[in-house]
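Chain residues, written in single-letter form:
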Amino acid sequence: MKSLLTLALLTLPTLAAWAQFTGGKPTHDLLLAGSGYLMRVTPEGQVVNTWRGGNDNDCWMLPNGHILVSDGTAWEADASGKRVWHYVAEEKTGGGVYAAQRLANGNTLISENSTGRIFELTPQGEKLNIIQVPLNAKNRHQTLRMARRLPNGDTLVCRSGDQIVEIYGPDLKLKWRQKVPGLAFAAVPDPKGNVYVSCLDRIQLWSPDHRLLWEFEAAKSGLPIKNMTGLHLLPNGNLVVGCYAYAKGEVGAFEITPAKTILWRYAADKRARDSHMGVQLLDPAIATPNR
C-alpha cells in the first residue's frame, strides 16, 4: 500500500517533486502556500510533504507538526492531510477568512474579510475581542488580509483595498494607522517596533512616528519579481517573501537582506502559474508568534 505522502504527491501531478532554488538556498525547510496546495520543501529542493488547499492566503507550521491555513475558510490538518479543525464564516460575500493565527491561549485569531471583523475564536466556537473595520466600499474582496496578534497584546491589521495598516491595543482601540501606496497584504513588526508592509510592487518599513525607513521595489531589483505578499521576518533581519500569481520564469519566493541582497529565489518552473501568499522558514530555533 502506498504511503499517504506518496498518494498526496501523486494527486498533484503538476507539482514538481523537486523545487527550483537559484542563487543559493534557504537555511531550513520552507512551508509554501500554493495555488490549490501547500508544501514543505527542503533546502536541497525536495518536496517532503504536500497538503490540498484552496486559494491559500496564510499558512503556519504549528509546533505539533500540523499546519494552520486560511483559504477562504480556516483549517488545521495533520501531516497526513487529515483536517482536525476548521472554521467557516457565515457571511462569505467577497471571500471568508484570509488570515488565521493560533494563539498561546489556544484560541485562533481570525481575519474575516467578508465581515471586516478580527476576533479570537475559542475551541468551543465563541468569538472574543472583536475588532470591526469598515468594509471596503469599492470591493468587498479587498477589506482585510493579514492580521497578527503581537507579543504585547496589540493586533496588527492589514486593510488591503483601503491601503491602510493599523494597530489596535488590547483595549481594541486604534493606536496607530499608516497609509501605504498599494494593497496592504501582510505586515510584521521588527524588534524595534517598526512595521514591514508588503504592497505587491514594494515592501516598506515604517516607524511608529510614520517615517519611511526602508523600501524594496520589485521593479528596481533586476529580477522578474511581482506581487509580493507573504512576509516572514527572520531574527537576523532578513525577510522571506512570497509572491502572488507569478508566471513561469518569474520569482515565487525569495530571501532578502536589509542591504537588499537577494540570497536565493524559488520558482516552480513546471507550473504555468502559481502563488505563494503564505511563506514560513521552518527554523526550529525561531519562535515567532506573529511571523
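Residues numbered from 1 in each chain as written. Predicted model: local features only at pLDDT ≥ 70, side-chain atom pairs only at ≥ 80, totals over all residues. Heavy atoms only, no water.

A. How the structure looks around the overall build of the chain. Summing up its helical and strand segments, the chain has one helix and 27 strands in all. Taking 2.2 N^0.38 as the reference for a compact globule, 291 residues should give roughly 19 Å; the C-alpha atoms of the chain span a radius of gyration of 18 Å, in line with that estimate. Referenced to the eigenvectors of the C-alpha coordinate spread, the extents of the chain come out at roughly 50 × 45 × 40 Å. Relative to its 291 residues, the chain shows a buried fraction of 56%. Once local pairs closer than 6 in sequence are excluded, the contacts in the chain between residues at least 24 apart make up 45%. Taking the average place of the 32 positive charges on the side chains of the chain and the average place of its 26 negative ones, the gap between the two points comes to 3 Å. (Helix = DSSP H or I, 4+ residues; strand = E, 2+ residues; numbered from the N terminus. Rg over C-alpha atoms; globule rule 2.2 N^0.38 Å. Buried < 20%, exposed > 50% of the residue type's maximum accessible area, 1.4 Å probe, protein only. Contact = heavy atoms within 4.5 Å. Lys, Arg positive; Asp, Glu negative; His and termini not counted. Charge placed at Lys NZ, Arg CZ, Asp CG, Glu CD.)

B. Representation of the pairing of strand E14 (residues 155-159) within the structure. Across the five residues of E14, five count as buried, placing the element largely inside the fold. Of the two faces of E14, the one holding Thr155, Val157 and Arg159 and the one holding Leu156 and Cys158 are both buried throughout. Here three bridges tie strand E13 (residues 147-149) to E14, and the two strands are oriented antiparallel to one another. Its bridge partner lying in E14, alanine 147 is registered against valine 157. Connecting the antiparallel pair E13 and E14 is a turn made up of five residues, with glycine 153 showing a positive phi of about 95°. Bridging between E14 and strand E15 (residues 164-168) involves five bridges; their strand directions are antiparallel. Directly across from cysteine 158, in E15, lies its bridge partner valine 165. Between the end of E14 and the start of E15, which pair antiparallel, lie four residues, with glutamine 163 showing a positive phi angle near 60°. (Pairing = 2+ DSSP bridges.)

C. Summary view of the environment of aspartate 58. Within the fold, aspartate 58 resides in strand E5 (residues 58-61). As a C-alpha pair, aspartate 58 and glutamine 101 span 43 residues in sequence and 8.9 Å in three-dimensional space. Leave out the neighbours within four places in its chain, and aspartate 58 touches Leu68, Val69, Ser70, Tyr98, Ala99, Ala100, Met146, Arg148 and Arg291. Of note is the side chain of aspartate 58, whose polar atom sits 3.2 Å from the backbone nitrogen of alanine 100. In terms of polar contacts, aspartate 58 uses its side chain to reach the side chain of arginine 291, at 3.2 Å. (Polar contact = N/O pair within 3.5 Å; in protein donor to acceptor, adjacent residues only side chain to side chain.)

D. Structural detail: the sheet that holds E15. Strand order in the open sheet made by the four strands is E13-E14-E15-E16, with antiparallel pairing throughout. The outermost strands of the open sheet, each flanked by one partner alone, are E13 and strand E16 (174-179). If you compare each strand with its neighbour and ignore which way they point, the axes differ by 15° on average. (Axes fitted to C-alpha atoms, helices over the stretch in contact; angles between N-to-C directions.)

E. The arrangement of the environment of asparagine 194 in detail. Within the secondary structure layout, asparagine 194 lies in the loop between strand E17 (186-189) and strand E18 (195-198). For asparagine 194, a relative accessible area of 9% corresponds to the buried category. Each C-alpha atom, one on asparagine 194 and one on leucine 205, is 6.6 Å from the other, the two residues being 11 residues apart in sequence.

F. A look at the pattern of salt bridges. By the definition in use, this model includes 18 salt bridges. Notably, a salt bridge pairs arginine 291 with aspartate 58, separated by 3.2 Å at the nearest N-O pair. Taken together, the residues span a long stretch of sequence, with arginine 291 in the segment after strand E27 (279-281) and aspartate 58 in strand E5 at a distance of 233 residues. Judged by relative accessible area, aspartate 58 falls into the buried class, the value being 0%. (Salt bridge = Lys/Arg side-chain N within 4 Å of Asp/Glu carboxyl O.)

G. Layout of the packing of aromatic side chains. On inspection of all chains with the given rule, the structure shows five aromatic pairs. Ring geometry for phenylalanine 21 against tryptophan 264: centres 5.5 Å apart, planes inclined by 90°, an arrangement best described as edge-to-face. On the criterion of sequence distance, the pair formed by phenylalanine 21 in strand E1 (residues 20-22) and tryptophan 264 in strand E25 (residues 262-267) is long-range, its members being 243 residues apart. The residues phenylalanine 21 and tryptophan 264 share a single accessibility class, namely buried. Taken together, the ring pairs connect Phe21, Trp264 and Tyr266 into an aromatic cluster. We note arginine 102 situated over the ring of tryptophan 85; from NZ or CZ to the ring centre the distance is 5.3 Å. In this arrangement the basic side chain of arginine 291 is found over the ring face of tryptophan 60, its NZ or CZ atom lying 4.1 Å from the centre. (Phe/Tyr/Trp six-rings, centres within 6.5 Å; stacked < 30°, edge-to-face > 60°. Lys NZ or Arg CZ within 6 Å of the ring centre and 35° of its normal.)

H. Here's a closer look at the pairing of strand E22 (residues 239-243). The buried fraction of E22 is high, at five of five residues. Residues Leu239, Val241 and Cys243 line one face of E22 and the alternating positions Val240 and Gly242 line the opposite face, and both faces are buried. Pairing of strand E21 (residues 228-233) with E22 involves four bridges; the strand directions are antiparallel. Across the sheet, residue methionine 228 finds its bridge partner in E22, namely cysteine 243. What sits between the antiparallel neighbours E21 and E22 is a turn of five residues, in which glycine 237 has the positive phi angle 95°. With four bridges connecting them, E22 and strand E24 (residues 253-256) associate as antiparallel partners. Bridge pairing links valine 240 to glutamate 255 in E24.

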